[in-house]
Amino acid sequence: MNTINFKLLLGCSALLLTSQACTDLSETTYSVIPTSGTFGSTPGQAAALIGPLYNGLGDYYGNMSNLNTTTDEQIVPTRGGDWKDGDNWKRLYQHTWNPITDNGQFNGPWTWCYNNITSINQQLGTITDAKTKAELRALRAFFHYQAMDLFGNVIISDAVGTATPKQNTRAEVFAFVEKELLAVYPDLSDVSGGAYYGRMNKYVADMILAKMYLNAQVYTGTPRWADAITRCTSLIASGKFQISGDYLSNFSTQNQNSPETILATPFDKSKRGGFNVQMKTLHYLNQLTYNLGTAPWNGWATVTEFYNSFDDKDVRKKQWIVGQQYKADGTPLKDDALPMVFRPEVESFSFDGGAFGRLAGARSQKYQIQANNTYTDQDNDFVIYRLADVYLMRAEANMRLGNMGAALPDLNIIRARAGMPAYTTITMDELLAERGREMAWEMHRRQDLIRFGQFGKAWRFKDAEADNHTTLFPIPKDQLSLNPTLKQNPGY
């Protein structure tokens, strides 16, 4: 949690409610934010306008973490009656989701993207400062990129209008996001951290572009590997970011000063909640392990084969919790009469109500679990982009261009931090596995599996798919009803 940043964002958000200026209480106050005139022309006024918009970015974790259960790294087995939820987690995992029954799983991310885009469009008309405008256009481009990645043919919304918006092709949205980011790039800040922690700047723009270019063949049919390398090299050469010596320090409770973070969404257990991975993954009785104010929900685990892909010497394996669990005083815990031992094996998707099923699956402690916490939310900031991913992306793009000599040094920077032997050669399958080990539960796995042609393949409890239509989620039925110009994605 970044305290200074939260004072800025939350204090400026309060302006909307209390009508007080963000930086100078002697300034003119307003009963509402003006929609015309000069308001927004000063740094303090601009901050008052953009603060609430960044609050919307904080919902990235909540939306993307649910959709990460469509991958081979995250599973939500039914444990008796817990996490049954009409089998919607099972359908997500097995790619058998129903556009009608599971509408809520997809309408949430869609409305998250477009509600934020609409809010940005409304504020852009009130702001005259060029740098603030550039920042908001970059933020708007980020939300368009997310919508394009999840749903394919979506809406380009770059102004406030009354006409029914039309659906654009994925390639058209790609071109729009690219054009927007390149247009605003000169006016974006070259400051990272401090006042620009958790905000759009040149480096976040580089990262979005790098991600787009790495996946360009999926999005547009035309590969852009060299362009991905250019953006990754720009990030590395900037010198603004460094690989942390300790892998797990990137995800500690107070991780706002990680030198590896390019973009994070700040959380605070009391001021800006929403980050609660510990509640989703820990067993009910782990309340006694960490002296938590509320019993966790005993849901999310990692898939057996994914856990087994980690070598015992790999320091990244420490992100998983397995074995006997204890109270805070060291007393071994029991679930009923059974020793409370987390085992990596998940033998079924639907367990009965006994302790055996409740203990299935390795749990995540990648994000440090906040002991003695009376809240269900934690203070860890969620990391969207970090430097390790940049090295892995540049290595992949070089491999796809046949330049193994350039790829291996980047990969081995990541391997060295993990305490693993350097690669002397590597296959694409191993590269995907290495990306999985480094980036587990950081919400990049779906995109990676699609790019590597693995999203439709079989894995534990999931059959191989006859086609690749699930690489796009269905356009939510609520949106189809609201906008008759929208056409459903193929296969639904």
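Read on for an overview of the structure. The model shown is predicted, which means the values in this text are computed figures rather than measured ones. Starting afresh in each chain, residues are numbered from 1 along the sequence in its written order. Local features in a predicted model are, by the rule used here, given only for residues with pLDDT of at least 70; side-chain atom pairs are given and counted only at 80 or more, and totals for whole chains, interfaces and linings are based on all residues. Hydrogens and water molecules were not included; the side-chain quantities draw on all heavy atoms of the structure.

1. Observations regarding helix H16 (residues 404-417)
Moving on, step 1. Strands are runs of DSSP state E lasting at least 2 residues, helices are runs of H or I lasting at least 4, and numbering of each runs from the N terminus. An expected span of 1.5 Å times one less than the residue number is assigned to each helix. The end-to-end C-alpha distance of H16, which contains 14 residues, comes to 20 Å, matching closely the 20 Å that a straight helix rising 1.5 Å per residue would cover.
Moving on, step 2. If you check which residues of H16 are buried, you get Ala407, Leu408, Asp410, Leu411, Asn412, Ile414, Arg415 and Arg417.
Moving on, step 3. Buried residues along H16 sit against strand S10 (382-386), helix H15 (387-400) and helix H17 (428-439).
Moving on, step 4. In the stretch just after H16, Gly419 is the one whose phi turns positive, near 75 degrees. The classification of residues rests on relative accessible area computed with a 1.4 Å probe and restricted to protein chains. Under 20% of the type maximum is buried, over 50% is exposed, and intermediate values are partly exposed. For this analysis, residues touch if any pair of their heavy atoms sits within 4.5 Å.

2. Some words on the pairing of strand S2 (residues 261-265)
Moving on, step 1. Of all five residues making up S2, five are buried, and the element is well covered by its neighbours.
Moving on, step 2. Whether two strands pair comes down to DSSP finding at least two bridges between them. Bridge count for S2 against S10 is four bridges, and the pairing is antiparallel. Within the sheet, the bridge partner assigned to Ala264 lies in S10 and is Val383.

3. Focus: unusual backbone geometry
Moving on, step 1. One non-glycine residue, Asp85, lies in positive phi territory at about 45 degrees.
Moving on, step 2. Here Asp85 lies in the loop between strand S1 (78-79) and helix H4 (88-94).
Moving on, step 3. Even without a glycine there, the phi angle at Asn372 is positive, about 60 degrees.
Moving on, step 4. On the secondary structure map, Asn372 appears in the loop between strand S9 (363-364) and S10.

4. Things to note about helix H10 (residues 225-237)
Moving on, step 1. With 13 residues, H10 should reach 18 Å at 1.5 Å per residue; the first-to-last C-alpha distance of 18 Å fits that figure.
Moving on, step 2. Residues Trp225, Ala228, Ile229, Arg231, Cys232, Leu235 and Ile236 constitute the buried set of H10.
Moving on, step 3. Residues of H10 that are buried in the fold lie against helix H7 (170-184), helix H8 (202-214), helix H9 (216-220), S2 and H15.
Moving on, step 4. Downstream of H10 by a residue or two, Gly239 has a phi angle that is positive, lying close to 75 degrees.

5. Topic: the pattern of salt bridges
Moving on, step 1. Counted as salt bridges are all cases of a side-chain nitrogen of Lys or Arg within 4 Å of a carboxyl oxygen of Asp or Glu. Going through the model one piece at a time under the given rule, you end up with 38 salt bridges.
Moving on, step 2. Here Asp102 and Arg91 are joined by a salt bridge, their closest N and O atoms 2.7 Å apart. Of the two residues, Asp102 is situated in the loop between H4 and helix H5 (103-124) and Arg91 in helix H4; the sequence distance between them amounts to eleven residues. For the pair Asp102 and Arg91, a shared accessibility class is recorded, and that class is buried.
Moving on, step 3. For Glu305, the salt bridge identified is with Arg460, shortest N-O distance 2.7 Å. Placement of Glu305 in helix H13 (residues 304-308) and of Arg460 in the loop between helix H18 (445-451) and helix H19 (477-482) is noted, with a sequence separation of 155 residues between them.
Moving on, step 4. Look at Glu305 and you get partly exposed, because its relative accessible area is 41%.
Moving on, step 5. The structure contains a network of salt bridges with shared partners spanning Glu260, Asp314, Arg316, Lys366, Arg386, Arg415, Arg417, Glu430, Glu434, Arg437, Glu438 and Glu442.

6. Side note on empty space enclosed by the protein
In this approach the atoms are scanned with a rolling probe the size of a water molecule, which exposes any empty space left behind.
Moving on, step 1. Grid spacing is 1 Å over the protein atoms alone, the probe is 1.4 Å, and a cavity is where that probe fits but cannot get out, while a pocket is an open set with protein on both sides within 12 Å along at least five of seven lines and lining residues have an atom within 4 Å of a point. Grid points are joined across faces, edges and corners, and a volume is the space filled by probe spheres set on the points. Counted according to the given criterion, the structure contains four cavities of 30 Å³ or more.
Moving on, step 2. Volume-wise, the largest cavity comes out at about 170 Å³.
Moving on, step 3. Together, 14 residues line the largest cavity, and Tyr60, Met64, Asp149, Met443 and His444 are the ones closest to its centre.
Moving on, step 4. The set of elements that each furnish at least two residues to the lining of the largest cavity consists of helix H3 (60-67), helix H6 (130-151), S10 and H18.
Moving on, step 5. When the residues that make up the lining of the largest cavity are grouped by side-chain class, the tally is seven nonpolar, four polar and three charged. When residues are sorted by character, Ala, Val, Leu, Ile, Met, Phe, Trp, Tyr, Cys and Pro go into the nonpolar class, Asp, Glu, Lys and Arg into the charged class, and all the rest, Gly among them, into the polar class.

7. As for the environment of Gln105
Moving on, step 1. The topology assignment puts Gln105 in helix H5.
Moving on, step 2. Overall, Gln105 belongs to the buried group, its relative accessible area being 15%.
Moving on, step 3. Separated by 39 residues in sequence, Gln105 and Asn66 place their C-alpha atoms 7.8 Å apart.
Moving on, step 4. Setting aside chain neighbours within four positions, we find Gln105 in contact with Asn66, Leu67, Asn88, Trp89 and Leu92.
Moving on, step 5. N or O atoms closer than or at 3.5 Å make up a polar contact, with two conditions inside protein: a donor-capable atom paired with an acceptor-capable one, and, for residues adjacent in sequence, both atoms drawn from side chains. A polar contact of 2.7 Å, which involves the side chain of Gln105, links it to the side chain of Asn88.

8. Some words on the environment of Asp149
Moving on, step 1. Relative to the helices and strands, Asp149 resides in helix H6.
Moving on, step 2. Relative accessible area serves as the criterion here: at 6%, Asp149 is assigned to the buried category.
Moving on, step 3. For the pair Asp149 and Met212, spaced 63 residues apart in the sequence, the C-alpha separation amounts to 9.0 Å.
Moving on, step 4. Not counting residues within four places of it along the chain, the set of residues in contact with Asp149 comprises Arg170, Tyr219, Arg446, Gln447 and Leu472.

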